[in-house]
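# A look at the structure
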Amino acid sequence: MIVADRKPIEELLGMVEDCKKILVVGCKGCVTVCNVGGLKEVEVLAATMKIARKKAGNPLEIAEHVLERQCDREYVSQLGEEVNDYDAVLSMACGVGPQFLSEMYKEQSFFPAVNTTFFGGATQHGVWEERCAGCGTCGIHMFGGLCPIARCAKSLLHGPCGGSSNGICEVNKETECIWDSIVKKKMEAGQLEDLLGVKNFKSWKTARDGGPRRSIREELVQGNI
Amino acid sequence: MSELKSGSNLEKVLAAGHFAFTGECGPPKGANVEHLVEKFQHLKGNVDCVNMTDNQTAVVRMSSMAGSALMVNEGLEPNFQMVCRDRNRLAMMSDILGAYALGVRNMLCLSGDHQTFGNHPEAKNVHCIDSMQLIAMVKKMRDEGKFLNDEDIDVPPKMFIGAACNPFADPYEFRPYRLANKIEAGADFIQTQCIFNMEKFRDFMSKVVDMGLHEKCYILAGVTPMKNAGMANFMKKFVPGMDIPDELIKRLKGVEKKDQAEEGIKFALEQVEEFKEMEGVAGVHMMAIEWEHKVPEIAERAGVLPRPVID
Ligand code: SF4
Ligand code: SF4
């Protein structure tokens, strides 16, 4: 799923400094799963902002709404023109949400309430880690099922670099060296030869470097399914 | 002597069977050519070629290509370093051609320290290709005369291809294989990370020799003389991939502060002596970091002077 972190409250207050009445829109998709932009978080954020503004002697009126998904026009349209009744709208969805909202409601200003960080999953309760960088040409089977593009700080296809120490990446002590895991896994499986030789030069055309990407499912476009 | 690949001085020295002695020089944090040229003077005639570092430790400096070209002008032979962190494949190929056009004949292909270590940690890291592929790319450009896309190069860059190897990084058991991979990719010579843990390096080299890697490539052992115990402590703590035995720190601390530099040089000289005899080691890469003026003395005491001159 897509993982995000909520922006600091000061930053959000700064965004709507001049507003008297705002709408906070949550999303029941990924950001609900990673506890950053679902119903509960919308309520907490609205309450926190109201208290802060009241304390500052400049009360803020906040309405709350949670959409099924903000990355789908069908759901985004449910908000309706009432979004224009507010001075601004804070979206608690990933970066996709406020864009879909902006595209549909051109008169309104939508602010991102979260920083969208990565594609990953929960490794323990309350901890999410990156697993994929959406490079568009998945090759993890060559690396024991572990992705060096997303998980090695240098996206090496022939690691580990000279900074790998005791399974830890040179970047910081909290980051594992994924290449250490790849090598150990391959050695244990007696498949070391898979890591030898020079791998094909990666084409970044399918990644973001090739420009914004688009997926087309012809059968759906034609309405056959 | 088989036909030379680049005709660089370093290649000639190694091909003739001499024990190589290479140096290192960091470009200035600015455009101070005068200071750089002054550093060159300490190295001139005392080493076979000089590595020109490429934004080492991710700190921005004068470009390694410009530094290398200035070196050529001063009559020294550069070993042009290139990291994968700062350029995509277009910029790399174009810089390789540019460096060659400016008289560069050796290059060292590196991944590069991560930018979080440096003075612009906000920078984007490129890593369009990695160091293994950089080696293969330079080889393709040189031997096939082609760019990565298979288009012909009008006058290919004849580089002597170098790569790095850190026997002290993990997982240790994999390191000889990674070295083998670099040789397979096209590395003509290897310069290792600074060696301080001699016991581990001996073990590493015995594995390398067992695999016959030393016969396919020239391996230069990396040596850095310690200026004092503080430097050793710092490197142990903060420089990734460094293996500095407590014994060495103890030895440096065992003498008075003013004598620590001499003790550091003594240790380095003992290392050089051992490397001269060690099977599989074809030379020493002396990285006297910001200590270029000591190189003449170190070279003299190491008994590697005069450097061979080969036509
Ligand atoms: S190889 Fe590409 S698509 Fe596959 S997990 Fe890694 S970044 Fe994602
Ligand atoms: S230490 Fe490991 S994960 Fe970190 S950059 Fe090097 S190879 Fe990649």
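Here goes a summary of the coordinates provided. (Residues numbered from 1 in each chain as written. Chains lettered and ligands numbered in written order. Predicted model: local features only at pLDDT ≥ 70, side-chain atom pairs only at ≥ 80, totals over all residues. Heavy atoms only, no water.)

### Side note on the nonpolar core
In this structure, Trp-179 of chain A together with Leu-134, Phe-201 and Phe-275 of chain B are the most contacted members of the largest nonpolar core, which totals 111 residues. Ranked by residue count, the leading element in this core is helix H5 (residues 131-144) of chain B, at seven residues. When neighbours within four sequence positions are excluded, Leu-134 of chain B is seen to be in contact with Met-82, Cys-84, Met-92, Ile-96, Cys-109, Leu-110 and Ile-129 of chain B. Of all hydrophobic cores here, the second largest spans 18 residues; its members include Ile-22, Ala-46, Val-66 and Met-92 of chain A. (Core = buried A, V, L, I, M, F, W, Y, C linked by side-chain atoms within 4.5 Å. Buried < 20%, exposed > 50% of the residue type's maximum accessible area, 1.4 Å probe, protein only. Helix = DSSP H or I, 4+ residues; strand = E, 2+ residues; numbered from the N terminus. Contact = heavy atoms within 4.5 Å.)

### Let's talk about empty space enclosed by the protein
Taken as a whole and assessed by the stated rule, the structure comprises three cavities of 30 Å³ or more. Estimates place the volume of the largest cavity at around 110 Å³. In terms of lining, the largest cavity is formed by 14 residues, of which the most central are Cys-152, Ala-153, Cys-161, Cys-169 and Cys-177 of chain A. Counted by class, the lining of the largest cavity contains nine nonpolar, one polar and four charged residues. Considered as a void within the structure, the second largest cavity measures approximately 50 Å³ in volume. Considering the residues around the second largest cavity, the lining is formed by Ile-149, Ser-155, Leu-157, Lys-202 and Trp-204 of chain A together with His-127, Cys-128, Ile-129, Asp-130 and Gln-133 of chain B. Here the lining of the second largest cavity is built from residues that sort into five nonpolar, three polar and two charged. (1 Å grid on protein atoms, 1.4 Å probe; cavity = no way out; pocket = protein on both sides within 12 Å on 5 of 7 lines; lining within 4 Å. Points joined across faces, edges and corners; volume = space filled by probe spheres on them. Nonpolar A, V, L, I, M, F, W, Y, C, P; charged D, E, K, R; others polar.)

### Remarks on the environment of Ile-149 of chain A
Residue and element names in this part refer to chain A. If you trace the backbone, Ile-149 turns up in helix H6 (residues 148-151). In this structure, the C-alpha to C-alpha distance between Ile-149 and Ser-102, residues 47 residues apart in sequence, is 32 Å. Apart from residues no more than four positions distant in its own chain, Ile-149 is found in contact with Ala-133, Cys-135, Ser-155, Leu-157, Lys-202 and Trp-204.

### Re the site of ligand 1
Surveying the vicinity of ligand 1 reveals the residues Arg-131, Cys-132, Ala-133, Gly-134, Cys-135, Cys-138, Gly-139, Ile-140 and Cys-147 of chain A. Its residues placed into classes, the shell around ligand 1 shows six nonpolar, two polar and one charged. (Near = heavy atom within 4 Å.)

### Topic: unusual backbone geometry
Residues and elements named next belong to chain B. For the bond from Asp-170 to Pro-171, the omega torsion is -15 degrees, close enough to zero to count as cis. Residue placement: Pro-171 occurs in the loop between strand S5 (160-165) and helix H6 (175-185). With an omega of -5 degrees, the peptide bond between Leu-305 and Pro-306 qualifies as cis. Structurally, Pro-306 is set in the segment after helix H11 (295-301).

### Description of the interface of chain A and chain B
At the junction of the two partners, chain A supplies 29 residues and chain B supplies 30 residues. Carbon and sulfur atoms supply 59% of the area buried between chain A and chain B, which totals about 2500 Å² over both sides. Considering only the side of chain A, the residues that lose the most area to chain B are Lys-154, His-158 and Phe-201 of chain A, jointly responsible for 24% of the buried surface there. Counting every contact that joins chain A to chain B gives zero salt bridges. In this structure, the connection of chain A to chain B is made through 18 residue pairs in polar contact (both at pLDDT 80 or more). (Buried area = accessible area lost by both parts, 1.4 Å probe. Salt bridge = Lys/Arg side-chain N within 4 Å of Asp/Glu carboxyl O. Polar contact = N/O pair within 3.5 Å; in protein donor to acceptor, adjacent residues only side chain to side chain.)

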